[in-house]
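Here is how the chains run, residue by residue.
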Amino acid sequence: MEEVNGGALLIKLICCVKNSDWGIIGRESTVARLYYRNARIGIDQDHPYAEFWMGTHESGPSYVRGGEGGGKVTLKEWIERNPSVLGDTVLKKWGTDFPFLFKVLSVAKALSIQAHPDKDLATSLHKEQPSVYKDDNHKPEMALALTQFEALCGFVSLEEFKVTVRSTPEIVEVVGNAKAEQVLNLHQHDGKEEIRLLLQSVFTDIMTVRKDVIAEVLSKLISRLNFEGQARHLTDKEKLILQLEKQYPDDVGVLSAYLLNYVKLNPGEALYLGSNEPHAYLYGESVECMANSDNVIRAGLTPKHRDVEILCSMLTYKQGFPEILKGTVVNPYTMRYQPPFDEFEVDRCILPQNSTTVFPSIPGPSIFLVVGGEGTMTTSSDEVVAEGDVLFASANTSITVATLSGLHLYRAGVSSRLFELHK
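Cut-offs used in this document
- Residues numbered from 1 in each chain as written.
- Predicted model: local features only at pLDDT ≥ 70, side-chain atom pairs only at ≥ 80, totals over all residues.
- Heavy atoms only, no water.
- Helix = DSSP H or I, 4+ residues; strand = E, 2+ residues; numbered from the N terminus.
- Expected span 1.5 Å × (residues − 1).
- Buried < 20%, exposed > 50% of the residue type's maximum accessible area, 1.4 Å probe, protein only.
- Core = buried A, V, L, I, M, F, W, Y, C linked by side-chain atoms within 4.5 Å.
- Contact = heavy atoms within 4.5 Å.
- Axes fitted to C-alpha atoms, helices over the stretch in contact; angles between N-to-C directions.
- Left-handed = near helix turned anticlockwise from the far one by under 90°.
- Nonpolar A, V, L, I, M, F, W, Y, C, P; charged D, E, K, R; others polar.
- Arc of directions from axis to C-beta.

Before going further, it helps to examine helix α8 (residues 192-207). Across its 16 residues, α8 extends 22 Å between first and last C-alpha, which sits within 8% of the 22 Å expected from 1.5 Å per residue. Buried within α8 we find Ile195, Leu198, Leu199, Gln200, Val202, Phe203, Ile206 and Met207.

Right, here's the structure in full:
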């Protein structure tokens, strides 16, 4: 791909896959199918396919298809040679650092209970432990469901917190009777800071309990739930606890899941997370967009490196069910999902047979992902696109999308609110 001097541009990318053990196996995985089509590499039917990455992050870079001289040129290198493709607003705010990372997730079993640091914490962690925290950026993110998608996200409301402590003797065993009584005596009119500190104390007690203690407590919990399940219908949260314990035996994350909201998204619904908010994706497939970072602080449901002390100290301990985005209508075929972050927004476009739509020119770059069907994307010339194609669109590029057979695609771009502020 030759250097450019401004103007509309649409280029195809070769993208990266991650094979974490929580991924869906073989062809059942949307990630595997997209990667097979995109990179033209066969699928290992016995292998998990977890993440499909689209962007410039060094942990999973995308490459420009048909790079200079047939060589491999990363999207990051190509942008650094052609900074005008980002547009003036993006260049002024982020330089040539591409602002977002776009992914597809195929989740067969729970990811770790984790949070992402804010900018200040990310900077200090990267400086202290660069081999673990590989960049200095924050990582707000959004997951947009492709299938039914389940997650733990944020802390339960005060009322649910009290009900959980009252009805879960195993939590009382870990935190002690005195602290449990304090929780039960909390009221909504108590000071926010008092409630926050007590929630932090309870969560920290659970996350830092000795391994032999948590093994014994979880054994009692699983026995009790299995016994009670013969006489009553278990709650969705209790069924989840049993499932998590099978996936991660003797893991403290199983007990701490009681304190987090259990969220179920339908296809076309999205969940967003700011920095310092606890979460764990549990099951299903989604497109995901985030600030351009891979910083993850883990504390449960994982065999990987844990930083329990950092996680417990960094969280906001904000309570209540998270906001679910259902998208706003852009045109008859397109919905926009716009979380309160500058770095990104996502459009979901489902074109029926024999239809056409236009993505108007915007002052920043976009990445398009085709997840199903085939059609054309037209700027100054036609680009035939099909499942697995990923395309980078430069700033100020108007794109007409047309299909005869039907087409399902997503566009990730910088938040349009940012451009409205700079008009």
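Core analysis: the largest hydrophobic core is formed by 57 residues, its most contacted members being Phe161, Phe203, Ile206 and Leu255. Looking at this core, the element that brings in the most residues is α8, giving seven residues. Excluding anything up to four places from it in sequence, Leu255 contacts Glu170, Ile171, Val174, Ile206, Ile214, Val217, Leu218 and Leu221. By size, the runner-up hydrophobic cluster in this structure holds 48 residues, among which are Val31, Met142, Ala412 and Leu418.

Moving on to unusual backbone geometry. The phi dihedral of Leu301 is positive, around 55°, even though this residue is not glycine. You will see that Asn396, though not glycine, has its phi angle at about 60°, which is positive. As for its placement among the helices and strands, Asn396 is situated in the loop between β23 (390-393) and β24 (399-403). Judged by its relative accessible area of 48%, Asn396 is partly exposed.

Contact geometry for helix α5 (residues 158-167) and helix α7 (residues 177-184): axes closest at 9 Å, N-to-C directions at 145°. Here α5 runs over α7; the crossing is left-handed. Along its contact with α5, which presents Phe161, Lys162, Val165 and Arg166, the element α7 presents Ala180, Val183 and Leu184. Here the contact of α5 with α7 is built from residues that sort into five nonpolar, no polar and two charged.

All of the buried residues along α5 are Leu158, Phe161, Lys162, Thr164 and Val165. With its buried residues spanning 160° around the axis, α5 presents them on a single face. Looking at the buried residues of α5, the elements they touch are α6 (169-175), α7 and α8.

So, on to the environment of Trp94. Along the chain, the position of Trp94 falls in helix α3 (residues 88-94). C-alpha of Trp94 to C-alpha of Glu343: the two residues are 249 residues apart in sequence and 9.6 Å apart in space. Once residues within four sequence positions are removed from consideration, Trp94 is found in contact with Pro99, Asp342, Glu343, Val414 and Leu418.

Tracing the backbone through its elements, the reader meets Gln148 in the loop between β10 (141-145) and β11 (149-155). Overall, Gln148 belongs to the partly exposed group, its relative accessible area being 41%. Between the C-alpha atom of Gln148 and that of Asn266, which follows or precedes it by 118 residues, the distance is 4.7 Å. Residues within four places of Gln148 in sequence aside, it is in contact with Leu265, Asn266, Pro267, Tyr283, Gly284 and Glu285.

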